[in-house]
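This is what each chain is made of:
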Amino acid sequence: MSGLSALVRRGVAAAFERRWLFAVPVATLLAPAAFYVVHLPDTYKASAGLSVRQVNAERVGVALPTTQDFRPEQILATARDRVLQASNVAAMVPVLWPKGNPKDDYTIEQARGRVMYDQAGDARFALSIVDTSAVRAAEAVNTLVDAFIAGECAARVAVVERRRDFLEAEAAKARAAFDVVLAEKDAFRRAHPDTMPDQRETITSDLHRIEQEMRERESEAQRNRLMVPEVDKWMKSAVPAAGTEGSRPSLSADEQMAQLKLSSAQATLDQASRQLAELRVKYTDSYDRVQLALAQVASLEGQVTRAKDELDAAKKRADADTSSRRRADNQELMASMRTFRDALITEEKAARAAVEALRARAAELSRRLGEIPATADALRKLQTALEGADQSRLRAEE
């Protein structure tokens with residue numbers, strides 16, 4: 001122990017003797033460092049936190065955002081690189097160095113180097129800048145983040161605007177296609193105004209009415225044609241104006257006219273009855289044409305009844321007339337018979353002409369009625385195309 005103690009004492013004594021050899025270098029190094037540290041300016045750190053969620057850019061503005069299947073580290077790394085893009089960092093350069101050149105690559109790299117990155121979880125990170133001025137540090141961080149947000153918004157807006165322009169172009173095409181189909185449909189309706197499906201009932205009703213009128217006209221012409229021989233027969237059997245009392249006719253003028261009316265009405269009734277029988281063979285009594293024929297027969301039966309009544313009245317008046325009155329009536333009868341015969345012939349010709357006109361009109365209505373199915377089919381195709389174009393237009397305008 002005594003030997004070790006003596007060695008320690010000698011060592012301490014040697015170090016003390018050479019104390020300036022150690023003290024001067026230490027004092028020379030530590031004193032300036034301490035002086036520098038004491039006089040360093042204060043520094044401030046400004047931080048900004050960002051939350052990141054990757055969004056499918058194609059769906060922005062069209063539907064709800066949908067996240068992509070990326071790892072959180074990849075999302076944060078991508079976001080950090082986008083924050084530190086040259087355009088964003090260049091916006092921060094005038095804040096850090098008012099005289100710096102934002103377009104200089106070296107200056108941009110120096111500014112990027114001052115930005116510190118700290119991850120805070122799976123979807124957040126912080127950007128920090130240290131500077132001797134708290135205001136400048138905060139302004140620099142805010143400028144960087146604002147530039148990043150503005151750039152991201154501009155990128156999203158650009159995507160949405162491109163999508164909007166595309167959809168507007170598609171909507172314009174859909175509207176144009178809809179207008180073309182609508183114009184085709186209108187042109188088709190203008191080109192086929194007489195064969196539209198909505199006119200089927202009207203044409204059918206007009207056709208039935210014309211057929212009924214044709215039958216009435218034909219009956220009228222037939223009645224007039226049959227009455228002409230009757231008038232001729234009665235004119236031959238009439239007494240001349242200079243006849244004597246012994247040669248007077250068996251019937252008076254009123255009786256003869258009433259008899260002609262009765263014969264005409266009876267002939268027309270017989271013809272209408274035959275037509276009704278033919279229709280009943282083909283159709284039931286509820287059919288429109290059968291109903292019209294029944295009404296016509298009932299009307300003619302009323303005419304026959306009235307003609308019989310007139311004939312009975314004429315016979316009663318004839319029994320009270322004198323022979324001289326009958327001769328005067330015979331003269332008047334001959335003149336009225338000739339006039340009546342001429343009128344029958346004229347009315348028959350007019351009825352025949354009316355029948356031909358009605359037959360032509362019925363043929364035209366039948367043609368239109370036959371063309372309605374083809375028109376309806378073409379119109380249905382145009383309507384289907386129009387509905388498809390309208391749906392495309394509505395989808396494009398949503």
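Residues numbered from 1 in each chain as written. Predicted model: local features only at pLDDT ≥ 70, side-chain atom pairs only at ≥ 80, totals over all residues. Heavy atoms only, no water.

Mapped onto the fold, D390 is located in helix α10 (residues 323–397). Along the sequence, D390 and R175 sit 215 residues apart, while their C-alpha atoms lie 7.9 Å from each other. (Helix = DSSP H or I, 4+ residues; strand = E, 2+ residues; numbered from the N terminus.)

Applying the stated criterion across every chain, the model contains 16 salt bridges. For the salt bridge of D165 with R164, the shortest nitrogen-to-oxygen distance reads 3.1 Å. D165 sits in the partly exposed class, given a relative accessible area of 40%. You can call R164 partly exposed: its relative accessible area is 41%. (Salt bridge = Lys/Arg side-chain N within 4 Å of Asp/Glu carboxyl O. Buried < 20%, exposed > 50% of the residue type's maximum accessible area, 1.4 Å probe, protein only.)

This part covers the packing of aromatic side chains. Scanning the entire structure with this criterion turns up one aromatic pair. Aromatic side chains Y117 and F125 sit 5.3 Å apart centroid to centroid with 40° between the ring planes, which places their arrangement in the tilted category. For F125, a relative accessible area of 1% puts it in the buried group. Positioned above the aromatic ring of Y117, the side-chain terminus of R80 is 5.0 Å from the ring centre. (Phe/Tyr/Trp six-rings, centres within 6.5 Å; stacked < 30°, edge-to-face > 60°. Lys NZ or Arg CZ within 6 Å of the ring centre and 35° of its normal.)

In this section: helix α5 (residues 105–113). Quick reminder: α-helices carry 3.6 residues per turn. Residues three or four places apart thus point the same way. Those residues of α5 not exposed but buried are T107, I108, A111 and R112. Each buried residue of α5 sits inside an arc of 140° when the element is viewed along its axis, so together they form one side. Along α5, the residues that are exposed and aim more than 90 degrees away from the buried face are D105, Y106 and G113. Where α5 is buried, its residues touch α4 (86–96) and β2 (115–119). (Arc of directions from axis to C-beta. Contact = heavy atoms within 4.5 Å.)

Below, the discussion takes up the pairing of strand β3 (residues 124–131). A regular strand places its side chains on the two faces of the sheet in alternate fashion. For β3, a buried count of six out of eight residues is recorded, marking the element as mostly surrounded by other parts of the structure. Alignment of strand β1 (residues 44–51) against β3, held across eight bridges, turns out to be antiparallel. Counted as the bridge partner of A48 is L127 from β3. Both β2 and β3 contribute to a ladder of five bridges, which runs antiparallel. Looking across to β3, one finds that Y117 is bridged to L127. Two successive antiparallel strands, β2 and β3, enclose a turn made up of four residues, where G121 displays a positive phi of approximately 100°. (Pairing = 2+ DSSP bridges.)

Our focus in this paragraph is a nonpolar patch on the surface. Taken together, the side chains of V26, L29 and L30 present a nonpolar region at the surface, about 310 Å² in accessible area. Examined against the element boundaries, V26 turns out to sit in helix α2 (residues 19–38). Residue classification places V26 among the partly exposed residues on the basis of a relative accessible area of 44%. (Patch = residues over 30% accessible without salt bridge, like charges linked within 9 Å, V, L, I, M, F, W, Y side chains within 5 Å. Areas by Shrake-Rupley, 256 points an atom, 1.4 Å probe, with all protein chains shown as cover.)

When a protein is soluble and globular, its nonpolar side chains tend to lie buried together. Counting 27 residues, the largest nonpolar core has M92, F125 and L144 as its most contacted members. Looking at this core, the elements that each hand over two or more residues are β1, α3 (72–83), α4, α5, β3 and α6 (134–191). Discounting chain neighbours no more than four positions away, the residues touching M92 are A111, V115, I129, A140, T143 and L144. (Core = buried A, V, L, I, M, F, W, Y, C linked by side-chain atoms within 4.5 Å.)

Residue-level pLDDT values for the chain average 77, and 83% of them are 70 or greater. Low pLDDT, under 50, characterises residues 57–67; the predicted model gives this stretch 14 contacts beyond four residues in sequence or across chains. In the model, residues 239–249 has pLDDT below 50 throughout and makes 14 contacts with residues more than four positions away in sequence or in other chains. (pLDDT = per-residue confidence, 0-100.)

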